[in-house]
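Remarks on the overall topology
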Amino acid sequence: MYSYLLDKEKLKCCYQCGKCSSGCDINRLDGSFQPHRLLHLIGMGATDKVLKIDSLWKCTTCFTCSERCPQGVKITEILWLTRAFAFKSGCIPELAVIQRDTLLKSGRLMPVDNKKREKAGLPAITEESDVAAQIFKIAEEKEQIL
Amino acid sequence: MDNDIKIGVYFCTCEGEIEKVIDVDSSAKEASEWSGITAVHKDAFLCSNDAIRKIRDDVKEFGLDRILIAACSPFFKVEEFSDLGINKYFVERVNMREQCSRVHSNDPENAAKKAKAMLKIFLEKVKNSKSLQPVKIPVSKSALVIGGGVAGINASIDIAETGNEVLLIEKNLFLGGKAAELHRYFPRMCPPSCGMELMFSKIKNNTNVHVLTSAEIDTIGGSPGNFEVLIKTSPRHVDMDKCTLCGKCLQLCPQNAIIYPEGFSYPDIPAINRKLCAAECNKCAEICPVDAIDLYEEAKMSNVKAGAIILATGWEPFDPAPITEFGYGRLENVVTNIEFERIAKEQKTFFDEPKKAAFIQCVGSRDERHLPYCSDVCCMVSIRQALFIKEANPDSSVYIFYNDIRTPGEYEELYRKARKTGIIFVKGIPSELRQDEPQKINFSAFDTVAGERLDITTDIVILATGMKPPEGTPDLKDKIGITLNRNNFIESHLQCYPQDTQREGIFSAGCCRAPMDVSRSIESAGTAAIKTLQFFNNRTEIIPDHPAVNTLKCDVCKRCIEECPFKAYSFDEKGFPKSDIMKCRRCGVCMGGCPLAAISLGDISIEQLSEMIDAIDKSYLGDDEPIILGFLCKNDAYRAADDAGLKGIKYPPNFLGIMVPCAGTVNGAIIAKAISTGVDGILIAGCSDNQCHYVQGSALAKVRLTDISNKLKEMYLEPERVRFVSINRDESEKFAETIEGYVKELKEMGRNPLRI
């Protein structure tokens, strides 16, 4: 299924021109994230290796690379899929697990630091949110409709 | 008629090659008893001079009307059997060696039965053949060349120097095209003016070349050999014969409206841009001492006759503005390679100080959203331009950001030189250009080889933009009826006939066919010129074997007009479709497509095929053996079948092959007839889709066969009884395997219930 989806996204058309990495803002900040390299490895069939590369999770999905790719490779989509696949196969970076748990627990991506809030003169947040439960409920309803 | 005609049947034993499998003597004996057979003869070498003389004597002695030759494939010994004393369309070859004796040598008994069946089929074919005499068609031996760039000029000179008239038309005011705008040619780095001047002097000195500038095609009519072209000439406002180039008008004009010829131009006569003229101003016309200026000159239309047309409409540079991230048009100092060529040529001060320059390759080219193809020259152009900068000032730093460097053949030397000179090549295309400080361009590029990001500030960025077909190409296509490929270049069978368009008598040269450099443009102009001359020579006598429409049957559905790949059809004076003998390439796609089977090629007609099918003894191998009738395309499948014979590959004798010009020639009515008279399986073998010499013959055959198999299904017959298979020239094994498999399948299917 994964390889089928990748084919559809024209991965094999990549010429390795590097325009994606040249224009990538994350690459500017952190040279270890190189979309063209990830694409190359995925194209070579070295998916197992790609799943374990931490930088896979650094993409902000700004779509600049997809927009500008001369071969029309849907780079962002491919990285997205790869992440989903990595998640399924258990290759999850620590941070992503924390983020997931926080999101499910509080509906927030970042854990709340009440000490900092106190310093800033803001009231502490203690209550747990049911946003996640609501989202799941909506998703279930949608699934039924579909 | 059948009773009156006298037929001679000649058998070749090929020094035992045929005889060791088939008993030729008994075949001959049997044949001599058939009606209409006047002479029967057997020879060890039918292609020998003695045997040929014998046939010619027989023709005289018995007054033979038709000749059947049972020997090797019709593709062998063509010359020997070409003149037997009767019209060559009255001679038919039965492929006894390659498609019978050699492929069935393991089964002599059935091979003899097949040989008899084959003889009967082709006897019927030759009985119903028509004599065809070449007709003379006057061809106007003058060529029209559209486009006065390097390709057009060279094609014109080539044709003119062989003594034929040429009319060269150019839409701009001066000849030379894009090449004239260049600063230097690669690889020798000489200025184009040098070569151009030579070309222009050849044009001037050759009375066969006529040049029309600021002229465009209005309409094209007539047919190949005799095109009638209406040309529209925009006014130049300066009389070319009178002007002496004194330059008085130039000094006087307050609006700079006089376009004065530069150093080397043809014609070297000024022109006036009326759009710039001030109202009521008439100063130049007044001062002209020779009265050469006519400000109120109007566009002229002129009618020209031409035998053939060469399209050399050239190219246009790609406009990089749509690739917004490169900021072309928005940022200062971001220029295209064409603009940089002008800087190199005209702004010598640019090179005074060391510069930091960057070239970005493949701008627009090899890009799915713009030009999907490689523009062929940009790598060499950028390297050349980088060398201008580096050589003018060795302290300059020049970067070339590339995707792949393509410097084929000798041009590799240029690349090596550039590397030696110190030009920095970076594999990695920048993503966007910025202007953080005035007069500078900032960008970053990821060097994919080093795995590192480079942040660069340069004085100038040159975008290596590619070539695209001129804007007017689709318009030209409508006027001339040529076909364009998906990138709007003029389509041709690139591999076999690169210079031919899909229309007879129209050829293409230079970049309108595909992106190419100057040297290849000149080469292509040469081939187009040669093809034009060949066309003039070969078309004086033509065999009228082009398709004829039976107007008694035709209901003017226009399918032939629609499907003809070469647009050879038009309506005659009575309103029926008629194929043009000059435009037609004898593929017979119309014959295969006609719903009423009303179209027949001169050398193989619907009636003939129908009689041939009638003549097949459907039980020639016995009641339980299926038989397959195969229609084999002349270019590929029939030759693959011959190859099987040469190699001695065996296949069952259940197969009878008939040669057709193209898979698309086979009409549904013929297939229906074969099935309804008891043929068990029909095999149409042609080339693969994209290899068809007649563009879409195979594809159409496939579609038509699908329709027929659907009909068979409705009749509760097995749809597999008809099938298309693509067999390439070199696929003789596949051919044999196909037949073997098909016979097996048909055996399982059981015999055709319609066989009596």
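Residues numbered from 1 in each chain as written. Chains lettered and ligands numbered in written order. Predicted model: local features only at pLDDT ≥ 70, side-chain atom pairs only at ≥ 80, totals over all residues.

Further remarks concern the overall build of chain A. Along its length, chain A carries 10 helices and zero strands. In chain A, the succession of α and β elements from N to C terminus is α-α-α-α-α-α-α-α-α-α. Since a compact globule built from 146 residues should have a radius of gyration of about 15 Å, the 19 Å found for chain A marks it as more spread out than a globular shape. Taking the principal axes of the C-alpha coordinates as reference, chain A spans close to 55 × 40 × 25 Å. (Helix = DSSP H or I, 4+ residues; strand = E, 2+ residues; numbered from the N terminus. Rg over C-alpha atoms; globule rule 2.2 N^0.38 Å.)

Secondary structure summary: chain B contains 20 helices and 34 strands in total. Structurally, chain B occupies a C-alpha span of about 95 × 70 × 50 Å along its principal axes. Relative to its full complement of 756 residues, chain B shows a buried share of 47%. Put simply, of all contacts in chain B between residues at least 6 apart along the chain, 73% involve residues at least 24 apart. (Buried ≥ 20, exposed ≤ 12 C-beta atoms within 10 Å, placed from the backbone. Contact = placed C-beta atoms within 7 Å.)

Here we come to helix α7 (residues 75-88) of chain A. All names here are of chain A. Between the first and last C-alpha of α7 there are 20 Å, a value that for 14 residues agrees with the 20 Å anticipated at 1.5 Å per step. Every buried residue of α7 is listed here: Ile-75, Thr-76, Ile-78, Leu-79, Thr-82 and Ala-86. Buried residues in α7, looked at end-on, bunch into an arc of 160°, giving them a common side. Summarising the geometry of α7, the exposed residues directed more than 90 degrees from the buried face are Ala-84 and Lys-88. Gly-90 occupies a position one or two residues after α7 and carries a positive phi of about 85°. (Expected span 1.5 Å × (residues − 1). Arc of directions from axis to C-beta.)

This paragraph deals with the confidence of the model for chain B. For chain B, the mean per-residue pLDDT works out to 91, and 100% of the residues sit at or above 70. Note on the complex model: pTM 0.81, ipTM 0.76. (pLDDT = per-residue confidence, 0-100.)

Another point: the interface of chain A and chain B. On the chain B side, the residues contacting the 16 residues of chain A number 19 residues. Sorting the residues of the side of chain A that touches chain B by element identifies α2 (19-22) and α3 (25-29) of chain A as the ones contributing at least two each. Per-element accounting of the side of chain A that touches chain B gives the leading share, three residues, to α2 of chain A. Considered class by class, the residues forming the side of chain A that touches chain B number three nonpolar, 10 polar and three charged. (Nonpolar A, V, L, I, M, F, W, Y, C, P; charged D, E, K, R; others polar.)

Residues and elements named next belong to chain B. Ranked by size, the top nonpolar core spans 107 residues in total, and within it Leu-68, Ile-69, Ala-70 and Ile-684 carry the most contacts. It is helix α4 (residues 108-127) that provides the largest number of residues to this core, a total of 10 residues. Both domains that meet at this core, namely domain 1 (1-132) and domain 5 (604-756), each give it at least three residues. Ranked by size, the runner-up nonpolar core spans 61 residues in total, among them Val-145, Leu-476, Val-518 and Ala-525. (Core = buried A, V, L, I, M, F, W, Y, C linked by C-beta atoms within 7 Å. Domains from an automatic or database assignment.)

Residue and element names in this part refer to chain B. As for its position among the elements, Val-398 is in strand β18 (residues 397-402). The exposure class assigned to Val-398 is buried, which follows from the 27 C-beta atoms found within 10 Å. It is 10.0 Å that separates the C-alpha atoms of Val-398 and Gln-385, two residues lying 13 residues apart in sequence. Those residues in contact with Val-398 that sit more than four places away from it in its chain are Ala-357, Ala-386, Ile-389, Lys-390, Ile-423 and Ile-424.

What follows covers the domain arrangement of chain B. Residues and elements named next belong to chain B. With domains assigned, chain B is organised as domain 1 (1-132), domain 2 (142-234 + 299-315 + 470-537), domain 3 (236-298), domain 4 (318-467) and domain 5 (604-756). When each unit is reduced to the centre of its C-alpha atoms, the spacing between domain 2 and domain 3 is 28 Å. Residue-level contacts link 11 residues of domain 2 with 10 residues of domain 3. Split by residue class, the side of domain 2 that touches domain 3 holds seven nonpolar, three polar and one charged.

Moving on to the sheet that holds strand β16 (residues 334-336) of chain B. Residue and element names in this part refer to chain B. Reading across from one edge, β16-β23-β17-β18-β19 is the order of the five strands in this open sheet, with parallel pairing throughout. Edge positions in the sheet fall to β16 and β19 (424-427), since each has one partner strand and no second. Adjacent strand axes in the sheet meet at a mean angle of 25° when their direction is disregarded. Here β18 runs beside β19; their pairing, made up of four bridges, is parallel. Bridge pairing in β19 places Ile-400 opposite Phe-425. (Pairing = 2+ DSSP bridges. Axes fitted to C-alpha atoms, helices over the stretch in contact; angles between N-to-C directions.)

Next up on the list: the sheet that holds strand β14 (residues 308-311) of chain B. Residues and elements named next belong to chain B. If you trace the five strands from one edge of the open sheet to the other, you get β8-β7-β6-β14-β25, paired in parallel fashion. This sheet does not close on itself; its edge strands, each paired only once, are β8 (209-212) and β25 (506-508). Shown here is a sheet whose adjacent strand axes are inclined to one another by a mean of 20°, direction ignored. Two elements, strand β6 (residues 142-146) and strand β7 (residues 165-169), share five bridges in a ladder whose sense is parallel. Bridging across to β7, Val-145 finds its partner in Leu-168. The sheet contacts of helix α5 (residues 150-160) involve β6, β7, β8 and β14, and relative to β7 the element is tilted by about 165°. On the sheet, helix α13 (residues 518-538) packs against β6, β14 and β25 and is oriented at approximately 170° with respect to β14.

With that settled, the discussion passes to the packing of α5 of chain B against α13 of chain B. What describes two packed helices is the angle between their axes and the distance between those same axes. Residue and element names in this part refer to chain B. Where α5 meets α13, the closest approach of the two axes is 8 Å, and the angle between their N-to-C directions is 40°. On the basis of their axis angle, the class for α5 and α13 is oblique. Judged by the twist between their axes, the crossing of α5 over α13 is right-handed. When α5 is examined against α13, the residues Val-150, Ala-151, Asn-154, Ala-155, Asp-158 and Ile-159 are found in contact with a partner set consisting of Val-518, Ser-521, Ile-522, Ser-524, Ala-525, Gly-526, Ala-528, Ala-529, Thr-532 and Leu-533. For the contact of α5 with α13, a count of residues per class yields 10 nonpolar, five polar and one charged. (Parallel < 35°, antiparallel > 145°, perpendicular 65-115°, else oblique. Left-handed = near helix turned anticlockwise from the far one by under 90°.)

In terms of domains, chain A is made up of domain 1 (2-88) and domain 2 (94-145). Placing a centre on the C-alpha atoms of domain 1 of chain A and another on those of domain 2 of chain A gives a separation of 29 Å.

The next thing to look at is the pairing of β18 of chain B. Residue and element names in this part refer to chain B. Counting buried positions over the six residues of β18 gives five, a clear majority of the element. Relative to β18, strand β17 (residues 356-363) runs parallel, the two being bridged by five bridges. Along β18, the bridge assignment pairs Ala-358 with Tyr-399. Crossover connection from β17 via helix α10 (residues 378-392) to parallel β18: handedness right-handed. Traced from β18 through helix α11 (residues 412-421) to β19, the parallel crossover comes out right-handed. (Right-handed = clockwise from strand over helix to strand, strands pointing away.)

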